[in-house]
Number of protein chains: 2
Amino acid sequence: MNASVKDVAARAGVSVGTVSNVLNRPDKVSPATAQRVHAAIAELGFVRNDAARQLRAGRSRAIGMVLLDVANPFFSELARGAEERAVESGHALILGNSDEKADREARYLDLFEEQRMHGVLVSPAGDVDARLELLRERGIPSVLVDRGSDAFSSVSVDDVAGGELAVRHLVSLGRKRIAYVCGPLTIRQVADRLEGARRVVAQHPDVTIEVVSQAALTVPAGAAAGTALAARAAADRPDAVFAANDLLALGVLQSLVMLGDVSVPGDVALIGYDDIAFARSAVVPLTSIRQPSRAIGATAVEILLEEAAEPTLEKRAVVFQPELVVRASTAATPWR
Amino acid sequence: MNASVKDVAARAGVSVGTVSNVLNRPDKVSPATAQRVHAAIAELGFVRNDAARQLRAGRSRAIGMVLLDVANPFFSELARGAEERAVESGHALILGNSDEKADREARYLDLFEEQRMHGVLVSPAGDVDARLELLRERGIPSVLVDRGSDAFSSVSVDDVAGGELAVRHLVSLGRKRIAYVCGPLTIRQVADRLEGARRVVAQHPDVTIEVVSQAALTVPAGAAAGTALAARAAADRPDAVFAANDLLALGVLQSLVMLGDVSVPGDVALIGYDDIAFARSAVVPLTSIRQPSRAIGATAVEILLEEAAEPTLEKRAVVFQPELVVRASTAATPWR
DNA sequence: TCTCTGCGTTGAAACGTTTCATGCGCGTGA
DNA sequence: TCACGCGCATGAAACGTTTCAACGCAGAGA
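The structure displayed is predicted, hence computed values, not measured ones.

1. As for the domain arrangement of chain A
Stage number 1. Domain assignment breaks chain A into domain 1 (5–48), domain 2 (59–157 + 293–320) and domain 3 (159–291 + 324–330).
Stage number 2. Look at where the C-alpha atoms of domain 1 of chain A and domain 2 of chain A centre, and you get two points 36 Å apart.

2. Considering the protein's contact with DNA strand C
Stage number 1. As a matter of local geometry, DNA strand C sits amid 24 residues, with Ser15(A), Thr18(A), Thr33(A), Val5(B) and Arg56(B) nearest to it.
Stage number 2. Counted by atom, the contact set of DNA strand C within 4 Å of the protein is 66% sugar and phosphate.
Stage number 3. The separation between a phosphate oxygen of DNA strand C and a polar side-chain atom of Ser20(B) is 3.2 Å.
Stage number 4. Looking at the surface near DNA strand C, the elements that each hand over two or more residues are helix 2 (16–24) and helix 4 (50–57) of chain A together with helix 2 (16–24) and helix 4 (50–57) of chain B.
Stage number 5. The biggest single contributor to the surface near DNA strand C is helix 2 of chain A, with four residues.
Stage number 6. For the surface near DNA strand C, the residue count by class is seven nonpolar, 11 polar and six charged.

3. Observations concerning the interface of chain B and chain A
Stage number 1. Residue-level contacts link 51 residues of chain B with 50 residues of chain A.
Stage number 2. For the pairing of chain B and chain A, the buried interface totals around 4600 Å² over both sides, and the portion due to carbon and sulfur atoms is 54%.
Stage number 3. Arg48(A) is paired through a salt bridge with Glu114(B); the nearest N and O atoms lie 4.0 Å apart.
Stage number 4. Taken together, chain B and chain A are joined by 14 residue pairs in polar contact (both at pLDDT 80 or more).

4. As for helix 12 (residues 293–309) of chain A
All names here are of chain A.
Stage number 1. In this model helix 12 runs 25 Å from its N-terminal to its C-terminal C-alpha over 17 residues, within 8% of the 24 Å that 1.5 Å per residue would give.
Stage number 2. Listing the buried residues of helix 12 in full gives Ser293, Ile296, Gly297, Ala300, Val301, Ile303, Leu304, Leu305, Glu307 and Ala308.
Stage number 3. The inward-facing, buried residues of helix 12 abut strand 1 (62–67), helix 5 (73–88), strand 3 (119–122), strand 4 (142–145), strand 5 (153–157) and strand 11 (317–320).

5. Examining the nonpolar core
Stage number 1. With 154 residues, the main nonpolar core has Leu121(A), Phe242(A), Leu121(B) and Phe242(B) as its most contacted residues.
Stage number 2. Those residues within four positions of Leu121(A) in sequence are excluded, and the remaining contacts are Ile63(A), Gly64(A), Met65(A), Val66(A), Ala82(A), Val143(A), Val145(A), Ala300(A), Val301(A) and Leu304(A).
Stage number 3. With 32 residues, the next largest nonpolar core counts Met117(A), Val128(A), Phe112(B) and Val122(B) among its residues.

6. Some remarks on the relation of the copies chain B and chain A
Stage number 1. Mapping chain B onto chain A is achieved by rotating through 180° and translating by 0.0 Å along the same axis, at an RMSD of 0.1 Å. Such a combination of rotation and displacement between the chain copies is what one expects of a two-fold axis. Minimal C-alpha distance to the rotation axis in chain B is attained by Val283(B), lying at 1.7 Å.
Stage number 2. The fraction of interface residues of chain B whose copies in chain A are also interface residues reaches 98%, indicating that both copies meet through the same surface.

7. Topic: the sheet that holds strand 8 (residues 240–243) of chain A
Remark on secondary structure: sheet strands pair via backbone hydrogen bonds, oriented parallel or antiparallel.
Residues and elements named next belong to chain A.
Stage number 1. Spatially, 7-6-8-9 is the arrangement adopted by the four strands of the open sheet, whose pairing is parallel. Both outer strands of the open sheet, strand 7 (208–213) and strand 9 (269–271), are each paired with one neighbouring strand and no more. When strand polarity is set aside, the average angle formed by the axes of neighbouring strands in this sheet is 20°.
Stage number 2. Two elements, strand 6 (residues 177–182) and strand 8, share four bridges in a ladder whose sense is parallel. Within the sheet, the bridge partner assigned to Ile178 lies in strand 8 and is Ala240.
Stage number 3. Its contacts with the sheet put helix 9 (residues 188–202) on strand 6, strand 7 and strand 8, and the angle it makes with strand 7 is roughly 165°.

8. Focus: the protein's contact with DNA strand D
Stage number 1. Around DNA strand D sit 22 residues in total, of which Val5(A), Arg56(A), Ser15(B), Thr18(B) and Thr33(B) are the nearest.
Stage number 2. Expressed as a percentage, the sugar and phosphate content of the atoms of DNA strand D within 4 Å of the protein is 68%.
Stage number 3. A distance of 3.0 Å separates a phosphate oxygen of DNA strand D from a polar side-chain atom of Ser30(B).
Stage number 4. Secondary-structure elements contributing two or more residues to the surface near DNA strand D are helix 2 and helix 4 of chain A together with helix 2 and helix 4 of chain B.
Stage number 5. Residue composition of the surface near DNA strand D, by class: six nonpolar, 11 polar and five charged.

9. Points about the environment of Ala79(A)
Residues and elements named next belong to chain A.
Stage number 1. In this structure, Ala79 sits in helix 5.
Stage number 2. Taking the C-alpha atoms as reference points, Ala79 and Ala230, separated by 151 residues in sequence, lie 36 Å from one another.
Stage number 3. Dropping the residues within four chain positions of it, Ala79 is found in contact with Met65, Leu67, Leu93 and Leu95.

The rules we used
Residues numbered from 1 in each chain as written. Chains lettered and ligands numbered in written order. Predicted model: local features only at pLDDT ≥ 70, side-chain atom pairs only at ≥ 80, totals over all residues. Heavy atoms only, no water. Domains from an automatic or database assignment. Near = heavy atom within 4 Å. Polar contact = N/O pair within 3.5 Å; in protein donor to acceptor, adjacent residues only side chain to side chain. Helix = DSSP H or I, 4+ residues; strand = E, 2+ residues; numbered from the N terminus. Nonpolar A, V, L, I, M, F, W, Y, C, P; charged D, E, K, R; others polar. Contact = heavy atoms within 4.5 Å. Buried area = accessible area lost by both parts, 1.4 Å probe. Salt bridge = Lys/Arg side-chain N within 4 Å of Asp/Glu carboxyl O. Expected span 1.5 Å × (residues − 1). Buried < 20%, exposed > 50% of the residue type's maximum accessible area, 1.4 Å probe, protein only. Core = buried A, V, L, I, M, F, W, Y, C linked by side-chain atoms within 4.5 Å. Least-squares fit on C-alpha atoms with pLDDT ≥ 70 in both. Pairing = 2+ DSSP bridges. Axes fitted to C-alpha atoms, helices over the stretch in contact; angles between N-to-C directions.

And the structure:
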């Protein structure tokens, strides 16, 4: 049904080896022959079969990426950065969604292994180290994204520092009773941000922190947490909320301001994490911790490609620093 | 470096054919042999090479999808729906971003053709019909997403009806001077929504519509449009804005309310399109037109798989109906 | 004239899987 | 007892590419 390199060779009156040379090392073939081959290709509408090429090469040219949640703007930005860098050097980026589930993550890694991917980028949900070690043994390098590791190269943001930044900001505004609204503490980023938060709290005897853990890092999960907070007696309510990401924060904001009768930042100051594009257009524009998401993605691909080319390379750990972006949700005086 | 089916066969003391049978038609092999083969697979850590399998099979089990903008929640939801349906039947979904650029779109289609994809889903940026016709000739079916077509199956939403819904709502609130803030009119959805809007305007002699076209369908593009509107003298300003999607609407909202001194919905009523999750947590919660994004993705995969199995099938066109979701940005009285 | 170089081209091997015609051994019915 | 059918297992062929050792040939140098 499809023209193969053999058909092209026959049509152009050359051998298959020559056709392949025209495609892959044009300098090795005379202009006249190349010309004839190109003509044959065009006439037959020949399209290279990547499966065969890959089989021969032993590995794919594609890079696999498993993310916690593609619908989260932080991750889609990250993916964007990675894709751009990958395409730049002739690689494709295959995206998978783990939904923070270890089994979905594992399925994608299996798939990537079957495809003999050029390399794999993971923002891990479960404990992937053993699995990645297996991949490495089979010649597939990996880079962890948005999390550090002792065993693999990684590109991450200093989440402990981010937690410190956030809580230090809240404390500097005079807030004393902080709630940390977060997802499962098994997610490293969630735990690290809490760790940073606690460090700051430890330095201020009169400040307390309470952990409100939800099942997911999504807007509805945040809304649930916010509803619970709004239902409390005012005296019992925290005067500040640090949310583990902006989606949670937006959910909290929604239920505090729109359903409950709690004002932000009057009654409760609110700070998110990631500084997604929507943070600034929220009901009350959201103070947040910004991460250089695109740069993270691009850097991860960069490192991955280097390791794929030179497997003996030592592992590296790039750590970006987060940045505080102050908006109305923590402003000293209520916005408007 | 990697164990092959041959190694497994040797280890288990059977032929390669038998190993393949164990993997693909377990019923054809005696339990005892199957047992031995499974043991060998485990011992050697054998992982099937998908490239070889694909080469033999003639086509990949993956489905390719090209979207206008993966970072747009409408599309990531859509992709999510598609992915779930695809995985359900043992297919992988490969995602590509066209960024509304015809050349990027073309690159992905080339890639998908080289990979002999099982099928292709496209939300088209450029004019893809000819290209898809080529793919079809080569045995790769395609389904258009979020756009109708005469030549291919499609799953879309009635954008003309959506435009009507939006503007009828604005008119019912007594608004007379409507601005349509949109992206390039070459994008079908953008044009269709305008068409719908114009139909309603045509029925009301005292209502006018003005088109404010931007280069992209993004938040910053919307902000630019909003800034321009805010800069006008109040008498010269529209009393309602219909934005071609929620991202634009959020941008408009941002610049009207936060930079300019225009109140929403007091001075200007604002309606978006897509009803993304963030619409409800905007500065002023956004009235919008909801589309069943996940169902669209799932349905598209469904149809694609049927066509892949039965290429002679007649083309189908599924059209979902949009739905109006009223929030504060068009409420009769200002919110709060 | 003969040998040596180097350029262009050739054709076969190899990548790892699935498929399919073939073969073998055993029990069953005639 | 023989033929037959049935259940399993076999191994070669095929998929389409890239690579590589080998080859032919023309021109240069001896």
